[in-house]
Amino acid sequence: MVDHGDVASGLSLSPLQEKALEAVLVQLAAKSSAALVLLSTRTGHYISSRGTRHDVDTAGLASLVAADLAASQYITDMVDATESHTMILREGERHTTLIAEAGPSLVLLVVASREVPLGWIRMLVQGASQRMAEITRPAPGRAMPAPAAMVPGGEFADLVGQAIDDLWTE
Amino acid sequence: MYINYTRREITVKVVYYGPALGGKTTNLIQIHDHVSGNQRSELISLKTAEDRTLFFDFLELQLGKIGGLTPRVQLYTVPGQARYEASRRLVLRGADGVVFVGDSQPDRQKENLESWLGMTQHLAGYGIELQGFPVVVQLNKRDLPGAVGVDLFRRTINLNGDTPLFEAVALDCRGVRETLRAIMERVVVRLKREISASAA
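In this report, we go over the structure that sits alongside the text. (Residues numbered from 1 in each chain as written. Chains lettered and ligands numbered in written order. Predicted model: local features only at pLDDT ≥ 70, side-chain atom pairs only at ≥ 80, totals over all residues. Heavy atoms only, no water.)

### Topic: the pairing of strand S3 (residues 44–47) of chain B
Residues and elements named next belong to chain B. Bridge count between S3 and strand S4 (residues 53–62): 3 bridges; the pairing is antiparallel. Opposite serine 45, over in S4, you have aspartate 57 as the bridge partner. From the end of S3 to the start of S4, which pair antiparallel, there are 5 residues, and aspartate 51 there has a positive phi angle of about 70°. (Pairing = 2+ DSSP bridges. Helix = DSSP H or I, 4+ residues; strand = E, 2+ residues; numbered from the N terminus.)

Pasting the structure below:
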């Protein structure tokens, strides 16, 4: 089993960490009866989602969720109202939407029915965010091996260039 | 960059940066239009009422499997208008590579320079030096009468000879694919280097 790793920039998750994050997502979706629970990195890379809605462009949504959180944090910094934990709440006619940071690397989106009490959702999101932050926290003093074996060697760059050409239709 | 071991996916982020009305969004529109729907996401554009980019455009491409690995590419643009400096900084966060889209019109050279300097400043704010970071320059609107020479453009933004430059007419899709291919090759080279260094 590959230990959890990271590279100089970005985020990589071990299968163990992914499994643990999935378990938190599943639990959160069940307890909140959420239409959608989505996990993204802070830079907008989609990780996973749960819920009853399956018609969503998850890649696009992840980019927007991360941007929303980043913009909100920038706003609070600019007006000198920095928060220790950012949670953005939107109360729609039928759904409540919560976006919350989950540690330094992740962002969580929860879309739940307005019938679910807001306090209950906030409490669930806070708990899930904390657990996710713990799951992705690097262990102090432990080396962080990278997935060297996973990335093809040799002419990977050429192959990626070829793959771009292959995508193209005239 | 995000690495998913279980699904054997690597997702990288490439940002199209440059002055207002230079053709960043046009690049993404052309990519969207030339890649089949099952290998890309929908194009998301956060625009003003005047059809100008407000925050960013976003498009994800899924490349075919390479050595059992599926690379995904997330393409973003920044808003070019001067007032959106803070938004540009946010969009650059976590970028694995940058395409700088310059404007060939003679009266836009000052804007090219200002945008280039702004980009280097924002990257420096994230601890990224241009040296060794994947950057590709696209000089767009080559079809316009009076387009500046490539050498003059290079001198204007003080572009070193190692940084690849592609001449383009994004509206006609000329140079769009070549630019994307070049930035992706550089991103992957750096990715390999980072991973090797991290494993050592």
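### A few points about unusual backbone geometry
Backbone geometry at Asp80(A) places phi at a positive 60°, although glycine is not the residue there. Turning to its location among the elements, Asp80(A) is positioned in the loop between helix H2 (58–78) and strand S4 (87–91). The phi torsion at Lys141(B) lies on the positive side, around 65°, for a residue other than glycine. Residue placement: Lys141(B) occurs in the loop between strand S7 (135–140) and helix H4 (150–156).

### Some thoughts on the side chain of Arg72(B)
All names here are of chain B. Note that arginine 72 resides in strand S5 (residues 70–77). Owing to a relative accessible area of 19%, arginine 72 belongs among the buried residues under this scheme. Within the local environment of arginine 72, its side chain forms a polar contact with the side chain of glutamate 9, the two groups lying 3.4 Å apart. Here arginine 72 is in contact with Glu9, Ile10, Thr11, Val12, Glu60, Leu61 and Gln62, once residues within four sequence places are set aside. (Buried < 20%, exposed > 50% of the residue type's maximum accessible area, 1.4 Å probe, protein only. Polar contact = N/O pair within 3.5 Å; in protein donor to acceptor, adjacent residues only side chain to side chain. Contact = heavy atoms within 4.5 Å.)

### Quick look at the sheet that holds strand S3 (residues 46–50) of chain A
Residues and elements named next belong to chain A. If you walk across this open sheet you meet the 5 strands as S3-S2-S6-S5-S4, and the pairing is antiparallel. Where the open sheet ends on each side, the last strands, each with one partner, are S3 and S4. Across this sheet, the average inter-strand angle for adjacent strands is 10°, counted without regard to direction. Bridge count between strand S2 (residues 36–41) and S3: 4 bridges; the pairing is antiparallel. If you follow leucine 38 over to S3, its bridge partner there is serine 49. Of the strands in this sheet, S2, S3 and strand S6 (106–113) touch helix H1 (residues 15–32), which is tilted by about 35° from S3. Contacts from H2 reach S2, S3, S4, strand S5 (95–102) and S6, with the element oriented near 70° to S2. (Axes fitted to C-alpha atoms, helices over the stretch in contact; angles between N-to-C directions.)

### Thoughts on the nonpolar core
Formed by 37 residues in total, the largest nonpolar core has its most connected members in Val14(B), Tyr16(B), Ile31(B), Leu61(B), Leu75(B), Leu180(B) and Met184(B). Looking at this core, the elements that each hand over two or more residues are helix H4 (156–167) of chain A together with strand S2 (9–17), helix H1 (24–34), S4, S5, strand S6 (97–103) and helix H5 (176–199) of chain B. Broken down by element, this core gets its largest block of residues, 9 residues, from H5(B). Not counting residues within four places of it along the chain, the set of residues in contact with Ile31(B) comprises Trp168(A), Tyr16(B), Leu59(B), Leu61(B), Leu75(B), Val176(B) and Leu180(B). One finds Leu90(B), Ala95(B), Met119(B) and Leu139(B) within the second-largest nonpolar core, a separate group that totals 32 residues. (Core = buried A, V, L, I, M, F, W, Y, C linked by side-chain atoms within 4.5 Å.)

Keep in mind these numbers describe shape, not what the thing actually does.
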